[in-house]
Amino acid sequence: MIGRLVDDLQPVVPRRVWRDAAILGGVALTELGLALWLGHQRADLHEAMRGPMFWWKMLTCLGLALAGGIAVLAALDPETRARPLWRGLAAATAVALLVGAVLAGVAAVPAPVMLRLDMHEGMLCLMWSLLMSLPVLAAILFLARRAAPTRPRATATAAGVAASGWGAFVFAWSCPHADPLYVLVWFGGAILLGAIAARVLLTPVLRW
C-alpha cells in the first residue's frame with residue numbers, strides 16, 4: 001500500500017524567485033502597456049512630465065508597488081534574502097510621502113480644500129486605481145497557490161500594497177491632478193484601502 005501511495009506522488013517543482021518575479025512583472029508591464037496603447041494617458045502628458053510634482057506622484061506609487069511586490073516574493077520564498085531591499089524601498093517611499101505632506105501644507109494651492117480635492121474626480125481616481133490593481137492581485141494569488149507563507153497577514157497586506165500601488169501608478173498616467181493634497185488623499189486612499197481589503201480577504205487564502 002505504501003508503494004502505491006509513493007507512486008501517486010507528483011514531483012514538487014522548487015520555487016524560483018526569478019520566475020515568480022518574471023510572471024508578476026510580466027503581468028504588471030502588460031497591463032501598463034495596454035493602458036498606454038489604448039490611449040489612457042493625459043492629453044498634456046509631455047508638458048506634465050517637465051514638472052517635479054508629476055514625478056513625485058508617479059515614483060511614490062511605483063515605490064510602494066515595488067516594495068510590496070518584493071515583500072510578497074520574499075514571503076512566498078523563505079530562502080530569498082530580499083528584506084533589506086524592500087525595507088529600503090519602503091523607507092524611501094515613506095520619505096517621499098512625507099515630502100508630499102509637507103508640500104500639501106506649506107506650498108498649498110490658494111483654493112478651498114474641497115475644490116482642491118475635487119470629490120467627483122477623486123472618487124473616480126479611487127475606483128479606477130483599485131480596479132487596475134486586480135490583474136497584479138490575481139497574479140499574486142496565482143503565485144501563492146503553491147506557497148505557504150509563515151506570516152499570512154503580513155503577506156496579504158504586502159500583496160494589497162503591491163497591487164493597489166501598481167494600479168495607482170497605471171492610472172496616474174491618465175490623471176491630470178498633481179496637487180499634493182489630492183494625491184495624498186485619493187491615491188494614498190486607494191493604496192490604503194487595497195492593503196486593508198487584501199489583509200481581510202486574502203489572509204484566509206494564504207493560511208496553511
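Predicted model only: the values in this text are computed from it and were never measured. (Residues numbered from 1 in each chain as written. Predicted model: local features only at pLDDT ≥ 70, side-chain atom pairs only at ≥ 80, totals over all residues. Heavy atoms only, no water.)

**Q** Could you give an account of the environment of M49, with specific residues and numbers?
**A** Locating M49 in the fold gives a position in the loop between α3 (45–48) and α4 (52–76). Setting aside chain neighbours within four positions, we find M49 in contact with F54 and W55. (Helix = DSSP H or I, 4+ residues; strand = E, 2+ residues; numbered from the N terminus. Contact = heavy atoms within 4.5 Å.)

**Q** Lay out unusual backbone geometry with the relevant residues and their values.
**A** For D118, which is not glycine, the phi dihedral falls at a positive 50°. Using a relative accessible area of 25% as the deciding quantity, one classes D118 as partly exposed. (Buried < 20%, exposed > 50% of the residue type's maximum accessible area, 1.4 Å probe, protein only.)

**Q** Describe the state of the cysteines, naming the residues involved and giving the relevant values.
**A** With the rule as written, the count across this model stands at 0 disulfides. Unpaired in terms of disulfides, C125 finds its nearest cysteine sulfur in C175, a separation of 5.1 Å. C125 gets classed as buried once you look at its relative accessible area, which sits at 0%. (Disulfide = S-S within 2.5 Å.)

**Q** Go over the pattern of salt bridges with me, naming the residues and quoting the values.
**A** This model, assessed by the stated rule, comprises 2 salt bridges. For D44, the salt bridge identified is with R42, shortest N-O distance 2.7 Å. D44 sits in the partly exposed class, given a relative accessible area of 32%. For R42, a relative accessible area of 11% puts it in the buried group. Note that R116 is salt-bridged to D179, the shortest N-O span being 2.7 Å. Of this pair, R116 sits in helix α6 (residues 113–117) while D179 is found in the loop between α9 (152–172) and α10 (180–206), placing the two residues 63 residues apart along the sequence. Relative accessible area serves as the criterion here: at 9%, R116 is assigned to the buried category. (Salt bridge = Lys/Arg side-chain N within 4 Å of Asp/Glu carboxyl O.)

**Q** Requested: an account of the packing of aromatic side chains, with residues and values cited.
**A** Under the definition given, this model contains 5 aromatic pairs. A ring pair is formed by F54 and W173, whose centres lie 6.0 Å apart and whose planes are at 75°; its orientation type is edge-to-face. A residue pair is termed long-range when its members are at least 10 positions apart, and F54 in helix α4 and W173 in the loop between α9 and α10 qualify at 119 residues. On the accessibility criterion, W173 (14% relative accessible area) is buried. Pairing F171 with F187 gives two aromatic rings, centres 6.3 Å apart and planes at 35°, and the pair type is tilted. Residue F171 is located in helix α9, and its partner F187 is located in helix α10; the two are separated by 16 residues in the primary sequence. Assessed through its relative accessible area of 12%, F171 is described here as buried. According to the relative accessible area criterion, F187 is buried, its value standing at 1%. (Phe/Tyr/Trp six-rings, centres within 6.5 Å; stacked < 30°, edge-to-face > 60°.)

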